[in-house]
Each structure stands twice: as structure tokens, then as C-alpha cells.
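As a plain string of letters, each chain reads:
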Amino acid sequence: MERFEKIYEKYYRKIYRFLLKMSGSPSLAEELTQETLYRAFLHIDQYEGRGSVHSWLCGIARNSYLTEQKKQRLFVEPIKTWEPVDSMDLEAEAVDRQLRELMRREICQLPEPYGSVCILRIYGELTCAEIAAACGKSESWAKVTFFRGKTMLTERMEKYR
């Protein structure tokens, strides 16, 4: 139990930020962070130590997020409220938010393993070595997979220009 308390204290904010970047929703990120840490607590004995604890938790968080996305496809997305931070550059801020949201959606549509590797690298900020360890693959596999995923993502994003 003491071991898990240390994990919780050390990684809670990192996992929350990871999920916030992926979802764009503070409330969903909070909910999924709690679910991720709960799942980790239940299955701490299954952690094999192949990669870092952070990469293991990011994998659980990614799976929780993707499961939530599948559920949400059955429902209409709620309208997000938005208040401008600075009225000087509203148009640029709106375009930036829209592009980030489009990119997040396109990453989620990439075929596996490219989507997962891009999520872990971009949103989880994991190194290729950490991704390789988490997936049980070589570092060169992680680098090539990320490069190919990034290329697919770039091609998909071109349609929005």
C-alpha cells in the first residue's frame, strides 16, 4: 500500500496533464486519472518493470481514454463553452484550439500501433526508449513507428490547410 501511495503522489499530476492534453476536458481528464490510478492499484502486482512506472501508467491512461472515446461515439458531443483569455488575438486562439482538436481526433483515427505510439510520444511525452519498453519492442521499432505515424498524421492534417 505504501508503495502505491508513493506512485500516486509522484504521478498523479503527470497522468492528469497527459489526459488533459488528449481530451481537452479538465473534468474528463480528472475522471480518467482517477480510473487509471484505480486500475493501477488493482493490478500493481502485474507491473513487470519492463519500462518506467510512468510509461506503464500512460498505457493504462491511454486505454482508458480510448475506451471512453468508443463510449462517446454513441452519444452526441456536448457543446464546449469557451471564454477568450485575451481579446487581442481571438481569431488566432480559436484557430489554434481548432487545430489542436483536429490533430487529437486524427491521432485517435490512426491505425494501431501508430496511433498509440503517437499518443504516448506527443501527449505522454515519453521517450522512444520508454515507449519501446512499455510495448516490449526495440527502441528502433518505436522510432520507426513514431516516424511513420507522424508522417500519416501530417498527411491527414494537410486536408485542413
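Our subject is the structure listed above.
Since the structure is predicted, the reported quantities are computational estimates derived from the model, not experimental observations. (Residues numbered from 1 in each chain as written. Predicted model: local features only at pLDDT ≥ 70, side-chain atom pairs only at ≥ 80, totals over all residues. Heavy atoms only, no water.)

Here we look at the environment of Tyr-114
Here is step 1: Relative to the assigned elements, Tyr-114 resides in helix α5 (residues 114–123).
Here is step 2: In this structure, the C-alpha to C-alpha distance between Tyr-114 and Gly-149, residues 35 residues apart in sequence, is 4.7 Å.
Here is step 3: When near neighbours in sequence (up to four residues on either side) are disregarded, Tyr-114 contacts Thr-145, Arg-148, Gly-149 and Met-152. (Helix = DSSP H or I, 4+ residues; strand = E, 2+ residues; numbered from the N terminus. Contact = heavy atoms within 4.5 Å.)

Quick look at the packing of aromatic side chains
Here is step 1: The tally for this structure, following the rule as stated, stands at one aromatic pair.
Here is step 2: Look at Tyr-8 and Tyr-12: their rings are 5.3 Å apart centre to centre, the planes differ by 35 degrees, and that puts the pair in the tilted class. Note that Tyr-8 and Tyr-12 are positioned in helix α1 (residues 2–23) at a spacing of four residues, about one turn of the helix.
Here is step 3: Given a relative accessible area of 32%, Tyr-8 falls into the partly exposed group.
Here is step 4: With relative accessibility at 16%, the residue Tyr-12 sits in the buried group.
Here is step 5: In this arrangement the basic side chain of Arg-121 is found over the ring face of Phe-146, its NZ or CZ atom lying 5.8 Å from the centre.
Here is step 6: Looking at Lys-137, its charged tip hangs above the ring of Trp-141, at a distance of 5.6 Å from the centre. (Phe/Tyr/Trp six-rings, centres within 6.5 Å; stacked < 30°, edge-to-face > 60°. Buried < 20%, exposed > 50% of the residue type's maximum accessible area, 1.4 Å probe, protein only. Lys NZ or Arg CZ within 6 Å of the ring centre and 35° of its normal.)

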